[in-house]
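Read off the chains here:
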Amino acid sequence: MSSSNILEVTDLTQQFRSGDKKLTVLDAVSFTVSEGTICSIVGPSGSGKTTLLGLCAGLDRPTAGQVILNGITLGDLNEDERAAVRNDFVGFIFQTFQLIPTLTALENVMVPLELRGEATKEVSQYAKQLLEDVGLGDRLNHYPTQLSGGEQQRVAIARAFINKPDILFADEPTGNLDAETGETIENLLFDLNRANGTTLVIVTHDLELAHKCERVIQLKSGRIDSDEWINEPATANIKEA
Amino acid sequence: MSSFWSSWTWKMAWRDARSNKKRLFLYISAIIIGVAAQVAITSFRESLTTTIDNQSRELLGADLEIEAERPFTDEELVYFDSLGGEQSEMIEFNSMAYLPESGGTRLSQIRAVQGGFPFYGEIQTNPDSAVRTYRDNKTALVDNALLVQFGAEVGDSIRIGNTMLEISGGIEQIPGEAAAASMIGPRIFIPYSLVDSTGLVQRGSFVEYKMYFKFDDGRDMAQMREDTDPFMEEHDLRYDDVAERREEMGEAIGNLAKFLNLVGFVALLLGGIGVASAIHLYIKQKISTAAVLRCFGASSDQTMTIFLIQAVVLGLTGALAGTVLGIGIQFMLPELVSEFLPVNVDLTISWLAVGLGLLTGTGVALVFALMPLLSLRKASPLYTLRTLDESLTELLGTKTKWGIYAIIALTVAGYATLITESWIAGGIFTVGILVAFGLLLLVAKGLMWCVRRYFPTGFSYVWRQGLANLYRPNNQTATLLLSLGLGMLLISTLYFSQDMLMSELNFATRDDAPNLVFYDIQPDQSEGIQQIMEEEGAPVLQNHPIVTMRLSSINGRGVQEIDEDTTSNARGWALDREYRSTYRDSLLDSETLVEGEWIGSVDPDTGLVPVSAAQEIVEDLDAGVGDTLTFNVQGVPIKTYIASIREVDFRRVQPNFFMLFPSGVLEQAPQIRVIVTRTAGQTESARLQQQVVQEYPNISAIDVGLILQTLNEFIDKVSFAIQFMALFSILTGLIVLASSVAISRFQRIKESVLLRTLGASKRQIISILSIEYFFLGVLGAFTGLILSVLSTWLLGYFYFELTFVPNLWVIFLGTFAIAGLTILIGMLNSRSVYQKPPLEVLRMETA
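Rules and cut-offs
Residues numbered from 1 in each chain as written. Chains lettered and ligands numbered in written order. Predicted model: local features only at pLDDT ≥ 70, side-chain atom pairs only at ≥ 80, totals over all residues. Helix = DSSP H or I, 4+ residues; strand = E, 2+ residues; numbered from the N terminus. Buried ≥ 20, exposed ≤ 12 C-beta atoms within 10 Å, placed from the backbone. Contact = placed C-beta atoms within 7 Å. Nonpolar A, V, L, I, M, F, W, Y, C, P; charged D, E, K, R; others polar. Pairing = 2+ DSSP bridges. Axes fitted to C-alpha atoms, helices over the stretch in contact; angles between N-to-C directions. Parallel < 35°, antiparallel > 145°, perpendicular 65-115°, else oblique. Left-handed = near helix turned anticlockwise from the far one by under 90°. Expected span 1.5 Å × (residues − 1). Arc of directions from axis to C-beta.

(A) The arrangement of the overall build of chain B in detail. Summing up its helical and strand segments, chain B has 26 helices and 21 strands in all. A total of 847 residues make up chain B; the buried ones form 44% of that total. Summarising the internal contacts of chain B: among those between residues at least 6 apart in sequence, 84% fall at separations of at least 24.

(B) Examining the overall build of chain A more closely. Helices and strands together make up the secondary structure of chain A, namely seven helices and ten strands. Here chain A holds 241 residues, and 49% of them are scored as buried. Within chain A, residue pairs in contact and separated by at least 24 positions form 71% of the contacts whose partners lie at least 6 positions apart.

(C) Quick look at the interface of chain B and chain A. Across the contact, 23 residues belong to chain B and 24 residues belong to chain A. When contributions to the side of chain B that touches chain A are tallied by element, the ones reaching two or more residues are helix 1 (7-18) and helix 10 (242-295) of chain B. At six residues, helix 10 of chain B tops the list of elements feeding residues into the side of chain B that touches chain A. Within the side of chain B that touches chain A, the residues separate by chemical class into ten nonpolar, ten polar and three charged.

(D) Region of the structure containing the sheet that holds strand 10 (residues 223-229) of chain A. Residues and elements named next belong to chain A. The strand order 6-7-8-3-9-10 describes an open sheet built from six strands, whose pairing is mixed. The open sheet has two edge strands, strand 6 (90-93) and strand 10, and neither has a second partner. Mean inter-strand twist for the sheet, computed between neighbouring axes without regard to direction, equals 15 degrees. The pairing of strand 7 (residues 167-171) with strand 8 (residues 199-203) spans five bridges and is parallel.

(E) Just the pairing of strand 3 (residues 104-114) of chain B, in detail. All names here are of chain B. A large share of strand 3 lies buried, amounting to nine of its eleven residues. Where strand 2 (residues 86-99) lies against strand 3, eleven bridges are found, and the strand directions are antiparallel. Note on strand 3: the bridge partner recorded for Ala97 is Arg106. What sits between strand 2 and strand 3 in their antiparallel hairpin is a turn of four residues, with Gly103 showing a positive phi close to 75 degrees.

(F) Quick peek at the packing of helix 2 (residues 21-54) of chain B against helix 11 (residues 300-330) of chain B. All names here are of chain B. Packing of helix 2 against helix 11 leaves a shortest axis separation of 6 Å and a crossing angle of 40 degrees. What the angle tells us is that helix 2 and helix 11 run oblique. Relative to helix 11, the crossing made by helix 2 is right-handed. Its residues assigned to classes, the contact of helix 2 with helix 11 shows 18 nonpolar, nine polar and no charged.

(G) Seen up close, the environment of Val337 of chain B. As for its position among the elements, Val337 of chain B is in helix 12 (residues 333-337). Distance from Val337 of chain B to Lys717 of chain B, taken between C-alpha atoms, is 8.0 Å for residues 380 residues apart in sequence.

(H) Local environment of the packing of helix 15 (residues 423-453) of chain B against helix 24 (residues 762-800) of chain B. Residues and elements named next belong to chain B. The N-to-C vectors of helix 15 and helix 24 enclose an angle of 140 degrees; their axes lie 11 Å apart at closest approach. One way to sum up the angle between helix 15 and helix 24 is to call them oblique. Considering only the axes of helix 15 and helix 24, their crossing is right-handed. Between helix 15 and helix 24, the residues in contact are Ala436, Leu439, Leu440, Val443 and Leu447 and Leu779, Thr783 and Leu787, respectively. A class-by-class count of the residues in the contact of helix 15 with helix 24 yields seven nonpolar, one polar and no charged.

(I) Region of the structure containing unusual backbone geometry. Look at the link from Phe117 of chain B to Pro118 of chain B: it is a cis peptide, with omega at -5 degrees. Counting through the fold element by element, Pro118 of chain B comes out in the loop between strand 3 and strand 4 (124-126). Its identity as a non-glycine residue notwithstanding, Glu172 of chain A has a phi of 45 degrees, on the positive side. One can find Glu172 of chain A in the loop between strand 7 and helix 6 (179-196). Look at Gln634 of chain B: it is not a glycine, yet its phi comes out positive at around 45 degrees. Looking at where Gln634 of chain B falls in the secondary structure, it is placed in the loop between strand 17 (628-633) and strand 18 (636-648).

(J) Representation of helix 4 (residues 120-133) of chain A. Residue and element names in this part refer to chain A. For helix 4, spanning 14 residues, the distance from its first C-alpha to its last is 20 Å, which sits close to the expected 20 Å at 1.5 Å a residue. All of the buried residues in helix 4 are Val123, Ala127, Leu130 and Leu131. Taken around the axis of helix 4, the buried residues stretch over an arc of 100 degrees, which confines them to a single face. Seen from the open side of helix 4, the exposed residues pointing more than 90 degrees away from its buried face are Lys121, Glu122 and Gln125. Where the residues of helix 4 are buried, they touch helix 3 (105-115) and helix 5 (149-162). Trailing helix 4 by a residue or two, Gly135 shows a phi angle of about 85 degrees, which is positive.

Okay, here's the thing in structure tokens:
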């Protein structure tokens, strides 16, 4: 692997069985993502975007092919080892926010670092800081149901950055939000990303959002239909697959 | 499992639980009642055992009791003297007691004591002093129950046989005897010196002679038993000491406690099902939380442990609450069973019961939560991106599932064995429960299949939706059918068994059945008594002579020899007993000839007398038609052979005889007579008894009406204690029902809200819910009832040897009552769904 590639995907195939039929959702997909890139994966519904994101983040095992994340071959690891990799290097943002409903905003943000067993006081301070950064300094002890959709997604962004991830996966981060809120979230995401130098992989069907990224990978029927650079990379050393 | 000791998992468990407190309380409430039942019974049993151990000498009132059914011989009295210690003799027999002030008569147990018995404990009387003075004052102590029955008071008179005595005290308690003993026959103590003057102890009367001993030398009673055994055997004496009495008592109490414990355990199991179902749905709702945690790096162990901790803490909290409740309930139990206990129980808190309660409560909660908890380990982080569309348990492999079933079955069997102290009883209980579970589950699955297969597509939407709810994903059909059905099964089996026994006994109150039996009638009194009966309008339905005799040999072999022969199948009681036989020339309608030839009369000088033996005694004597039996009829040997075998309906309340002689042989033997009659009612019966007893004080009467009433009261009291325990199951069933409904509310809330948003009226929502609950209630109750009919029938067939005919009305009403209750609980729990605006409900329920 090239030292600057944080994600390497080779011949990734994912098939599901539906009754007697074999359904190929991803068909021998290969690409790499360099450190610091803001990359989007776009495509119509059912093109395999979310499946690809899940496999890249080690949330599932592929039928064939391999994913190397930050130099670690995910296929060699069991579920708990992959969880540890995620905790160390990966951040997530979901379309449905996925905040834990029984935890307050602050506690939700703290979870990834608490999982590492880090000292609570420092973690708490940092989480508060992040929530202030996303404009929720006054909502620390609110539960998810007490927050609006945009606020929930801001908590999710703060949570995604708390473990200072090398790579951040976002699945339709603005999909559940109105245009105005969506734009605020996008800006927040890009700002934080720039500030932290994180690699960002966004799955979206929002072409406007996709075109704000440096690189757009277009999926169609489980294959890469196109892969283009549309903006100047934020960082150097970008190599195409 | 290292995650269990990590502070983070405990912190997460707490954070997650704090906003679910109300819901979690519902989950544990089901096991609280079950644990309470266990703790109450176990603790009470412990207290009772300790009390019996502490008061064991009071149970017998002496260190040793020797008993005979005839006066002790001089040789025996000399032998007793050689045993040493202090001695006291008691004569005990049954006779009519007549209270002249009220005219009341009642068959009573008469006791006459000479010496210091009871040596341990004290007969409690009112006034206190009466027990110390009644013998010197030649007065009687009379059971309070009898005084209350006839409104008699201290100072009134009572006649026993030919003797009239003043009542100097009411008996409140006799050491070692339960208050319920007075229901069988009120106890009356008279001075020993007055026994002869009653004229009741005559040839042919059934009298027990008891000699009590008190030893102050702390002798080895086990050794003494061994030493005296040959003498007791030779003289046909019965020997009873403190250890034996304690063992008998402990066994009886142990059996009752074991039974009640099992009844309580069913409540705990029901609670377990409630917990399993509740945790299952709870965990299902937590899948996305688990997936998020997995996404951010939590291991499968860590994720599961968060909820495992909740289950453990919940179980422990439930067990703790149940234990406290159980200890409280323990103090109510003596009220229920005190009449049947020979001691006043000193209630203490049993730490064994507390420990057991905590352990079983937590254990049951944990074991039943195992399936959803282990499923959680398989929760993929992918569920953050895609929803789980399969059942939670489908995440587990078949092997794991069967492993969990095996753990549950082993836990049940292990605990049932612990309670019953028998692998066999524990195993039978477990198999029974498994069969009941299996059948109920089968009905539930069958119901879901049927509704789906024969879905009434032509029905209105409300009906279709209500019915579809029965097999929808996450339905509660199986859980509700199990908890309702099992509760119904238990309660109805108890009810039906009682009903079966009582209806069997009530045949005696048929219009034509005899209801009054006079016995101990001397031959010269027979005519006089018949005259009184004629005056009172009571027909003589039967008039039997009774001749007492003992069996001396079978086919020429002495009974003792047969008894000692280990290869013989003859039973000791049949060989040794005193036979009270009769003679007549015809069979009664309660007797049917099953083998041989009935010979009704013979010449007085017949060498070998043809007798007819009852089927039961033939079996226990290991004899058959043609075998010769030699009887010792009060000193005269009479040789007989079994000419025929009769099937006798011993359930008839009338004299029934093992041995029936033909007329012509026993006419001259010393005999007493028994007359059977029927009176129109209780008043007529009481008047007739009064007339007869006034004229002939030695004659005793068995009032069938009174016996039935007593039996009814007795069974009522016993079944009340059982029903009290069964109540725990009902309560648990209702809680499981309520919590199942509450839990399923969380699931259906969105659907109902959606329906309301789409324009469904409040009435339509209520109808949909009612239809679902109605079917669940009807099917749960009906299945439970049908299973209970089956189990009662099995009980009747194999244990009581009775045929059970179920009361269809009970089944019908029971089913609809439970269905009504299910709808009511369902509606109460779902009222927010249809009473509040949709948006408010959504916000409230998802908060």
